[in-house]
Amino acid sequence: MNSQKKRNFKIEAFKHKVEVDPKYAEKTWKILEHAIHEIYNHNASGLSFEELYRNAYNMVLHKYGEKLYAGLVTTMTWHLKEMSKSIEAAQGGLFLEELNRKWADHNKALQMIRDILMYMDRTFVPSSHKTPVHELGLNLWRENIVRSSKIQTRLVSTLLELIQKERTGEVINRGLMRNITKMLMDLGSSVYQEDFEKPFLEVSASFYSGESQQFIECCDCGEYLNKAERRLNEEMERVSQYLDAKTESKITHVVETEMIANHMQRLVHMDNSGLVNMLVDDKYDDLSRMYNLFRRVPEGLSTIREVMTSHLRETGKQLVTDPDKLRDPVDFVQRLLNEKDKHDKIISAAFNNDKTFQNALNSSFEYFINLNNRSPEFISLYVDDKLRKGLKEVSEEDVEMVLDKVMMLFRYLQEKDVFEKYYKQHLAKRLLSGKTVSDDAERSLIVKLKTECGYQFTSKLEGMFTDMKTSQDTMQGFYASQSASDSTDGPSLAVQVLTTGSWPTQPIAPCNLPPEILGVCERFRTFYLGTHTGRRLTWQTNMGTADMKATFGKNQKHELNVSTYQMCILMLFNSSDRLTYKEIEQATEIPASDLKRCLQSLACVKGKNVLGKDPMSKDIAEDDTFMVNDKFSSKFFKVKIGTVVAQKESEPEKQETRQRVEEDRKPQIEAAIVRIMKSRRVLDHNNIVAEVTKQLQSRFLPNPVVIKKRIESLIEREFLERDKADRKLYRYLA
């Protein structure tokens with residue numbers, strides 16, 4: 001192969017000139033022109049397309065491209081003008097049908113012509129910068145038909161008229177509409193937009209402006225939204241059926257603006273049917289519709305949110321400041337929870353679980369719960385009620401659900417330390433009286449509080465449980481150490497040894513225990529101090545209970561469950577028939593307020609009145625006389641005589657609790673100031689206040705005045721000093 005000589009091929013021009021018949025171009029064009037006429041006249045079946053193609057090919061080859069192209073334009077224009085006359089002559093509903101038919105004819109003809117002139121299209125058209133055949137055909141159709149003076153306005157008004165008919169409920173030929181709008185799109189997006197879409201949007205805006213005005217005068221809010229939604233869906237369907245997809249966003253914007261954006265305020269505030277009415281009556285469908293329509297327009301959702309927030313704050317404010325609703329703390333908290341459940345459901349069912357609405361709900365609850373400074377106490381009382389009796393025979397899941405709801409309210413509290421104070425008192429009473437529904441539920445709530453507020457918040461609460469467990473072991477040790485004669489003789493004792501720092505114990509004036517009880521108490525004291533050195537025991541007689549056997553007239557025997565104070569009072573009647581209030585007070589030394597409550601529950605409560613009182617009245621006076629009620633009877637053998645538990649504090653007690661809370665806050669504020677100053681070294685007053693508030697807000701909102709006082713106290717004790725030049729600047733002294 002390689003050895004063979006390479007051959008160079010060369011093509012040379014003809015040696016002699018090829019002569020073309022001078023009439024060749026004219027003859028050939030006549031053949032092609034005739035073919036185009038035949039195509040437009042639906043007589044193409046007799047044509048030889050191969051021959052026609054060769055003729056057109058030769059014309060271009062022999063440099064007659066210009067003649068061919070010009071002839072095409074003239075012939076096509078003539079046919080389109082003929083078509084135009086036919087379309088113009090069509091009357092009424094036949095107008096669009098004729099236009100559609102002629103458009104189909106023109107397209108079919110154009111396809112055949114393009115096939116015949118393919119060579120011209122590929123060579124002559126690009127080199128001479130002409131318009132390709134197909135595009136040329138569209139342009140000529142646009143100039144001679146769609147934009148002809150007699151067709152253009154008639155076309156757009158016919159299309160708009162049909163759409164108007166459809167809007168008013170008539171059935172129209174959608175297939176025909178689709179063909180005509182597609183024709184406009186095929187002629188170029190600008191033709192569709194200028195000749196149809198622009199007037200369509202203008203007419204639609206005017207239509208929906210009028211219709212929305214008509215609807216808003218005669219419909220309620222729910223009906224109006226229904227109609228707006230239906231119109232929106234109709235327009236979207238119309239686009240999908242016979243308009244350009246790009247028109248959808250434009251026409252929906254028109255409907256949104258005219259039917260929703262322009263009437264938002266009037267709709268949400270509509271009397272007896274607006275947003276507030278929907279919220280009150282749980283109209284989930286209407287609310288969902290409002291949300292989905294309003295989210296389409298600017299400021300739509302914020303309008304709903306603002307109205308919902310102000311309604312929530314107003315109803316919440318009424319709830320937490322209504323004296324009638326504050327009488328029963330448990331009912332008060334239940335109302336709060338019901339309100340929260342109701343609006344949570346609305347947000348999930350109607351507002352697509354929208355986080356911004358959830359945040360608005362939370363901030364509203366936080367606002368009005370903290371308007372009532374007794375909310376922390378009431379929430380603790382609610383927990384107390386549930387854990388004493390409210391959650392008996394309830395499944396674990398339901399218990400968890402109630403506790404989670406309580407935690408949700410707890411999160412809203414700004415004064416979490418006040419809740420802690422009350423919770424500790426109520427928990428103590430539950431544990432000591434053995435009245436808790438379930439230890440698991442108690443511990444579960446403490447774990448939740450710990451997760452929310454940290455170890456410090458719950459360490460003392462956990463210490464209370466530890467004491468209860470340790471006390472059981474201590475009592476087993478005590479009875480194991482007693483001789484048989486000691487343990488059978490006299491009353492039996494169950495002692496809870498409480499660590500002073502963990503329990504909410506206040507210094508209590510000791511009451512005089514009956515001699516029978518004193519003996520066993522002393523034996524326990526000796527045992528306990530013998531096993532634990534360096535400890536002190538103080539009897540908390542206000543926190544104990546006792547079971548007593550009692551015999552009334554006609555040998556009526558009962559077992560009475562009473563408080564330690566009530567036991568001390570009743571034991572006096574073993575040696576006396578009648579005692580005055582003064583004598584009882586002297587013998588027991590029970591504080592007057594507690595003594596009156598105990599006597600009231602022993603003598604004045606129907607069915608529990610084991611004592612009689614002279615004179616008989618609801619209140620206890622200092623000159624009353626008391627005696628055993630021999631006529632006492634009860635269908636139960638065991639009779640529990642309670643003093644009211646889980647009740648609201650009286651005003652003086654409330655003041656005292658508030659004072660203790662304020663005292664407890666002082667060291668926490670000081671610790672926060674020192675922590676901040678230790679890391680920052682120098683800081684001005686306003687920044688210290690801001691930092692301290694930020695650090696402590698998970699427990700309570702510190703008062704700036706109190707922060708200032710604590711700063712003064714730290715300056716006095718030389719933890720901080722004021723800057724000599726700038727009195728508002730503080731320095732940390734290491």
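Values in this document were obtained by computation on a predicted structure and should not be read as measured data.

**Some remarks on the overall build of the protein chain**
Part 1: Helices and strands together make up the secondary structure of the protein chain, namely 31 helices and nine strands.
Part 2: The principal-axis extents of the C-alpha atoms in the protein chain amount to approximately 155 × 80 × 65 Å.
Part 3: In the protein chain, which comprises 734 residues, the share counted as buried stands at 44%.
Part 4: Across the protein chain, the fraction of contacts at a sequence separation of at least 24, relative to all contacts at a separation of at least 6, is 70%.
Part 5: Carbon together with sulfur atoms contributes 50% to the accessible area of the protein chain, which is approximately 39,800 Å² in total.
Part 6: One finds the centroid of the 109 positive side-chain charges in the protein chain at a distance of 4 Å from the centroid of its 107 negative side-chain charges.

**Considering the pairing of strand β9 (residues 729-732)**
Part 1: Residue alternation in β9 divides its side chains into a buried set, Y730 and Y732, and an unburied set, L729 and R731.
Part 2: As defined by bridge partners, strand β7 (residues 682-684) adjoins β9 across three bridges and the pair is classed as antiparallel. Within β9, the position partnered with L683 by the bridge is Y730.
Part 3: In this antiparallel pair of consecutive strands, strand β8 (residues 720-722) and β9, the connection spans six residues.

**Digging into the pattern of salt bridges**
When the charged atoms of two side chains lie near each other, side chains of opposite charge can form a pair.
Part 1: Within the structure shown, the criterion is met by 45 salt bridges.
Part 2: Here E50 ties to R54 by a salt bridge, and the two come within 3.8 Å at their closest N and O atoms. With E50 and R54 both in helix α2 (residues 49-61) and four residues apart, this pair spans about one turn of that helix.
Part 3: Among the residues examined, E50 registers a relative accessible area of 60% and is labelled exposed.
Part 4: With its nearest N and O atoms 2.6 Å apart, the salt bridge here joins E98 to R101.

**Concerning the sheet that holds strand β4 (residues 611-614)**
Part 1: Within the open sheet, the three strands sit side by side as β3-β5-β4. Their pairing is antiparallel. Lying at the two open borders of the sheet, with one neighbouring strand each, are β3 (578-580) and β4. Averaged over all adjacent pairs, the angle separating strand axes in this sheet is 30°, with direction ignored.
Part 2: Here three bridges tie β3 to strand β5 (residues 625-628), and the two strands are oriented antiparallel to one another. Bridge pairing links L579 to F626 in β5.
Part 3: Across the sheet, helix α28 (residues 592-603) touches β4 and β5, and the angle it forms with β4 is around 110°.

**Points about the nonpolar core**
Part 1: Formed by 81 residues in total, the largest nonpolar core has its most connected members in M290, F294, F351, L409, Y423 and L449.
Part 2: With nine residues, helix α20 (residues 396-412) is the single largest residue contributor to this core.
Part 3: When we break this core down by domain, the ones giving at least three residues each are domain 2 (149-278) and domain 3 (304-466).
Part 4: For L449, the contacting residues outside a window of four places in its chain are M407, F410, F419, Y423, G454, F457, T458 and L461.
Part 5: L99, L184, Y192 and Y242 belong to the second-largest nonpolar core, a separate cluster that totals 61 residues.

**Remarks on the sheet that holds β9**
Backbone hydrogen bonds hold the strands of a sheet together, and the pairing may be parallel or antiparallel.
Part 1: Strand order in this open sheet of three strands is β7-β9-β8, and the pairing throughout is antiparallel. Looking at strand neighbours, the two that pair on one side only are β7 and β8, the edges of this open sheet. Taking each pair of neighbouring strands and ignoring which way they run, the sheet shows an average axis angle of 30°.
Part 2: Strand contacts of helix α30 (residues 685-696): β7 and β9, with the helix running at about 95° to β7, the strand carrying the most contacts.
Part 3: Its contacts with the sheet put helix α31 (residues 704-716) on β8 and β9, and the angle it makes with β8 is roughly 100°.

**Some thoughts on the state of the cysteines**
Part 1: What the rule picks out here adds up to zero disulfides.
Part 2: C219 forms no disulfide, and the closest cysteine sulfur to it belongs to C218, at a distance of 3.8 Å.
Part 3: Looking at the unpaired C598, the closest cysteine sulfur is the one in C568, lying at 9.1 Å.
Part 4: For C598, a relative accessible area of 3% translates into the label buried.

**Here's the deal with the environment of T470**
Part 1: Mapped onto the elements, T470 comes out in helix α23 (residues 455-481).
Part 2: Relative accessible area serves as the criterion here: at 41%, T470 is assigned to the partly exposed category.
Part 3: Between the C-alpha atom of T470 and that of L498, which follows or precedes it by 28 residues, the distance is 9.4 Å.

**Some points on the packing of aromatic side chains**
Part 1: This model, assessed by the stated rule, comprises 23 aromatic pairs.
Part 2: Taking NZ or CZ as reference, K227 lies 4.9 Å from the ring centre of F215, over its face.
Part 3: The ring of F410 carries the charged tip of K416 above its face, separated from the ring centre by 5.7 Å.

**Re the packing of helix α10 (residues 189-218) against helix α11 (residues 221-242)**
Part 1: As a packed pair, α10 and α11 sit with axes 10 Å apart at the nearest point and diverge in direction by 160°. For the element pair α10 / α11, the angle class is roughly antiparallel. Of the two possible hands of crossing, α10 and α11 adopt the one that is right-handed. Of the residues in α11, those in contact with F200, F207, Y208, E211, S212, F215, I216 and C218 of α10 are E223, Y224, K227, R231 and E235.
Part 2: Looking at the contact of α10 with α11 residue by residue, the class counts come to seven nonpolar, one polar and five charged.

**Regarding the confidence of the model for the protein chain**
Part 1: Chain-level statistics for the protein chain give a pLDDT mean of 85 and a share of 93% at 70 or above.
Part 2: Summarising per-element confidence for the protein chain, the mean pLDDT is lowest in helix α24 (residues 484-488) (54) and highest in helix α12 (residues 247-260) (95).
Part 3: Here residues 13-19 is a poorly scored stretch, pLDDT under 50, and it has zero contacts once near neighbours within four places are set aside; other chains count.

**Notes on the environment of E583**
Part 1: Looking at where E583 falls in the secondary structure, it is placed in helix α27 (residues 581-588).
Part 2: Between the C-alpha atom of E583 and that of E516, which follows or precedes it by 67 residues, the distance is 20 Å.

**Examining the pairing of strand β1 (residues 545-552)**
Part 1: Only one face of β1 is buried, namely the one carrying A546, M548, A550 and F552, since none of T545, D547, K549 and T551 on the opposite face is buried.
Part 2: Hairpin connection from β1 to strand β2 (residues 556-563): three residues lie between these consecutive antiparallel strands, with K554 at a positive phi of about 55°.

**Points about a positive patch on the surface**
Part 1: Taken together, the side chains of K392, K435, K608 and K640 present a region of like positive charge at the surface.
Part 2: Counting through the fold element by element, K640 comes out in strand β6 (residues 638-640).
Part 3: Exposure remark for K640: the relative accessible area of 43% places this residue in the partly exposed category.

Calculation notes
- Residues numbered from 1 in each chain as written.
- Predicted model: local features only at pLDDT ≥ 70, side-chain atom pairs only at ≥ 80, totals over all residues.
- Heavy atoms only, no water.
- Helix = DSSP H or I, 4+ residues; strand = E, 2+ residues; numbered from the N terminus.
- Buried < 20%, exposed > 50% of the residue type's maximum accessible area, 1.4 Å probe, protein only.
- Contact = heavy atoms within 4.5 Å.
- Areas by Shrake-Rupley, 256 points an atom, 1.4 Å probe, with all protein chains shown as cover.
- Lys, Arg positive; Asp, Glu negative; His and termini not counted.
- Charge placed at Lys NZ, Arg CZ, Asp CG, Glu CD.
- Pairing = 2+ DSSP bridges.
- Salt bridge = Lys/Arg side-chain N within 4 Å of Asp/Glu carboxyl O.
- Axes fitted to C-alpha atoms, helices over the stretch in contact; angles between N-to-C directions.
- Core = buried A, V, L, I, M, F, W, Y, C linked by side-chain atoms within 4.5 Å.
- Domains from an automatic or database assignment.
- Disulfide = S-S within 2.5 Å.
- Phe/Tyr/Trp six-rings, centres within 6.5 Å; stacked < 30°, edge-to-face > 60°.
- Lys NZ or Arg CZ within 6 Å of the ring centre and 35° of its normal.
- Parallel < 35°, antiparallel > 145°, perpendicular 65-115°, else oblique.
- Left-handed = near helix turned anticlockwise from the far one by under 90°.
- Nonpolar A, V, L, I, M, F, W, Y, C, P; charged D, E, K, R; others polar.
- pLDDT = per-residue confidence, 0-100.
- Patch = residues over 30% accessible without salt bridge, like charges linked within 9 Å, V, L, I, M, F, W, Y side chains within 5 Å.

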